[in-house]
Amino acid sequence: MTINTDLIDQLLKDYKQPEDVLGENGLLKQLTKAVLERAMQAELTHHLGYQKHAAAGNHTGNSRNGKSKKTLKGDFGSMPLEVPRDRNASFEPQIVPKGQTRFEGFDDKILSLYARGMTTRQIKQHLEEIYQVEVSPTLISTVTDAVIDEVRAWQGRPLEGLYPVVYFDCLRVKIRDGGHIINKAIYLAIGLTREGQKDALGLWISQTEGAKFWMGVMTELKSRGVSDIFIACVDGLKGLPEAIEAVFPHVQVQQGIVHQVRASLSYVGYKERKAVAVDLKQVYTAPTREAGERQLEEFAAKWDSRYPTISKQWRWNWERLAVFYSYPAEIRKVIYTTNAIESVNNGVRRVIKNRGSFPNDEAALKLIYLALQNLSEKWTMPVKDWRAALNQLAILFEGRLPLV
């Protein structure tokens, strides 16, 4: 549609400063209001079939019947509108439908702020400061609550048949349950596709972990289309390795090295953490399992007098930890650095750290889901060194990697 420049000049004849156009009572807001109201008048004319005051409207059984008021909220702040009515109450505006109180895109702004970890109160203050529009906590909750249906659809969506590597991890969050605030575990699965790109497979919440719970998770993944996993990287979650192997019998389960190192360093004072970390690295970067076991013995000889729990835990988990020694360096990098899951967890933790607790399970799930959606926008490239790792995987898991 071509706009008459003479009309624009006429509208701007009193223009002196940006606020005259963009301000609370500026030209753009007034023009938007006028256009919307004129459009609704035109829609009503079309609905009735005759122009205002036209004789054709006599004895038609319906006519104009004044106006009602409503207020729209958007980037421009609050905008009062007069909505025309008909006597039979059969007219429904299309440009501003009945029940609509927010311009398209305004809800997206609320969700965007929520997904970045802002609380309801912070979102309310932000919208008032930036857009000079007042929104109630109830409105914000209504907008964010609608996300839970999206979460359910996402949780049930079909998945790819093969994920060469899948990482399982756990986030601890405080959730109100039965009048008490308790720590609950939210479990996250991140798969690497054949192209090496990250894919969040699902979120699950449970007060306890165990083989029965994990069997349900594995069965769900299989029912959604996953038929094969080469390597599953886990975080010492109780019952998880057994459940994975029961549903995907050809999988190789690798306990996460990064998680084991982090758990070890939690016993160490700040001044000695770097030295302990350097010595632990000699264990998991050893060229062979036998060399790794020798390095673990040397670590124990040096540090057991101060931190005996560390070597004890490594020996306890050794069979799961040592799986990666059978892989070439290209695959080891993908497994034991676990950057794929670590970067995701760090991003999610940054979002939830501002929340002291969640009122219920759904509130926690929808926030973490939105955080994942934001993070996944950057998942456009394969993980580092994936092409070399894929070539090795094709050899080690011969016949299980599709050619296309």
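Structure: above.
Residues numbered from 1 in each chain as written. Predicted model: local features only at pLDDT ≥ 70, side-chain atom pairs only at ≥ 80, totals over all residues. Heavy atoms only, no water.

## Side note on the packing of helix α10 (residues 257-265) against helix α13 (residues 308-316)
- Packing of α10 against α13 leaves a shortest axis separation of 9 Å and a crossing angle of 155°. Viewed along their axes, α10 and α13 adopt a mutual orientation that is roughly antiparallel. Between α10 and α13 the crossing geometry is right-handed. Counted together, Q260, V261, A263 and S264 of α10 and I310, Q313 and W314 of α13 form the full contact between these two elements.
- Tallied by class, the residues present in the contact of α10 with α13 amount to 4 nonpolar, 3 polar and no charged. (Axes fitted to C-alpha atoms, helices over the stretch in contact; angles between N-to-C directions. Helix = DSSP H or I, 4+ residues; strand = E, 2+ residues; numbered from the N terminus. Parallel < 35°, antiparallel > 145°, perpendicular 65-115°, else oblique. Left-handed = near helix turned anticlockwise from the far one by under 90°. Contact = heavy atoms within 4.5 Å. Nonpolar A, V, L, I, M, F, W, Y, C, P; charged D, E, K, R; others polar.)

## Some words on the pairing of strand β5 (residues 198-206)
- Among the 9 residues of β5, 8 are classified as buried, and the element is accordingly described as predominantly covered.
- Remark: 5 residues form the turn of the hairpin made by strand β4 (residues 180-192) and β5, two consecutive strands paired antiparallel; G196 in that turn has positive phi of roughly 85°. (Buried < 20%, exposed > 50% of the residue type's maximum accessible area, 1.4 Å probe, protein only. Pairing = 2+ DSSP bridges.)

## Focus on the side chain of Q254
- If you trace the backbone, Q254 turns up in strand β7 (residues 252-255).
- Among the polar contacts made by the side chain of Q254, one reaches the main-chain carbonyl oxygen of R320 at a distance of 3.4 Å.
- Polar side-chain contacts of Q254 include one of 2.7 Å to the backbone nitrogen of F324.
- With residues up to four places along the chain from it excluded, the contact list for Q254 reads I231, A232, C233, V234, R320, L321, V323, F324 and I335. (Polar contact = N/O pair within 3.5 Å; in protein donor to acceptor, adjacent residues only side chain to side chain.)

## Points about the packing of aromatic side chains
- This structure, assessed with the given rule, holds 10 aromatic pairs.
- For the pair W318 and Y325, a centre-to-centre distance of 5.8 Å together with 45° between the ring planes defines the contact as tilted. Y325 matches W318 in its accessibility class, with the two residues each being buried.
- An aromatic cluster is defined as three or more aromatic residues linked by ring pairs; in this entry it consists of F168, Y187, F213 and W214.
- One residue, K222, lies across the ring of F248, its end atom 6.0 Å from the ring centre. (Phe/Tyr/Trp six-rings, centres within 6.5 Å; stacked < 30°, edge-to-face > 60°. Lys NZ or Arg CZ within 6 Å of the ring centre and 35° of its normal.)

## So, the environment of R400
- Assignment of secondary structure puts R400 in the segment after α18 (386-396).
- With a relative accessible area of 24%, R400 lands in the partly exposed category.
- Distance in space between the C-alpha atoms of R400 and L162 is 8.9 Å, their sequence separation being 238 residues.
- Setting aside residues no more than four positions away along its own chain, R400 makes contact with L162, D228, I229, F230 and H250.
- Within polar-contact distance, the side chain of R400 engages the backbone oxygen of I229 at 3.3 Å.

## Some points on helix α12 (residues 289-303)
- The first and last C-alpha atoms of α12 sit 21 Å apart over 15 residues, in line with the 21 Å expected at 1.5 Å per residue.
- Within the sequence span of α12, burial applies to A291, G292, L296, F299, A300 and W303. (Expected span 1.5 Å × (residues − 1).)

## A closer look at the environment of E298
- Within the secondary structure layout, E298 lies in helix α12.
- Each C-alpha atom of the pair E298 and D279 lies 8.9 Å from the other, and the pair is 19 residues apart in sequence.

## What to know about the pairing of β4
- Sheet topology places strand β3 (residues 162-177) next to β4; 13 bridges connect them, and they run antiparallel. Pairing of C170 across the sheet is with Y187, part of β4.
- What sits between β3 and β4 in their antiparallel hairpin is a turn of 2 residues, with G178 showing a positive phi close to 60°.
- Here β4 runs beside β5; their pairing, made up of 8 bridges, is antiparallel.

## Side note on the environment of Y284
- Residue position: Y284 is located in helix α11 (residues 273-284).
- Taking C-alpha positions, Y284 is 9.7 Å from R332, a pair spaced 48 residues apart along the chain.

Function cannot be inferred from these measures alone, as they are strictly geometric.
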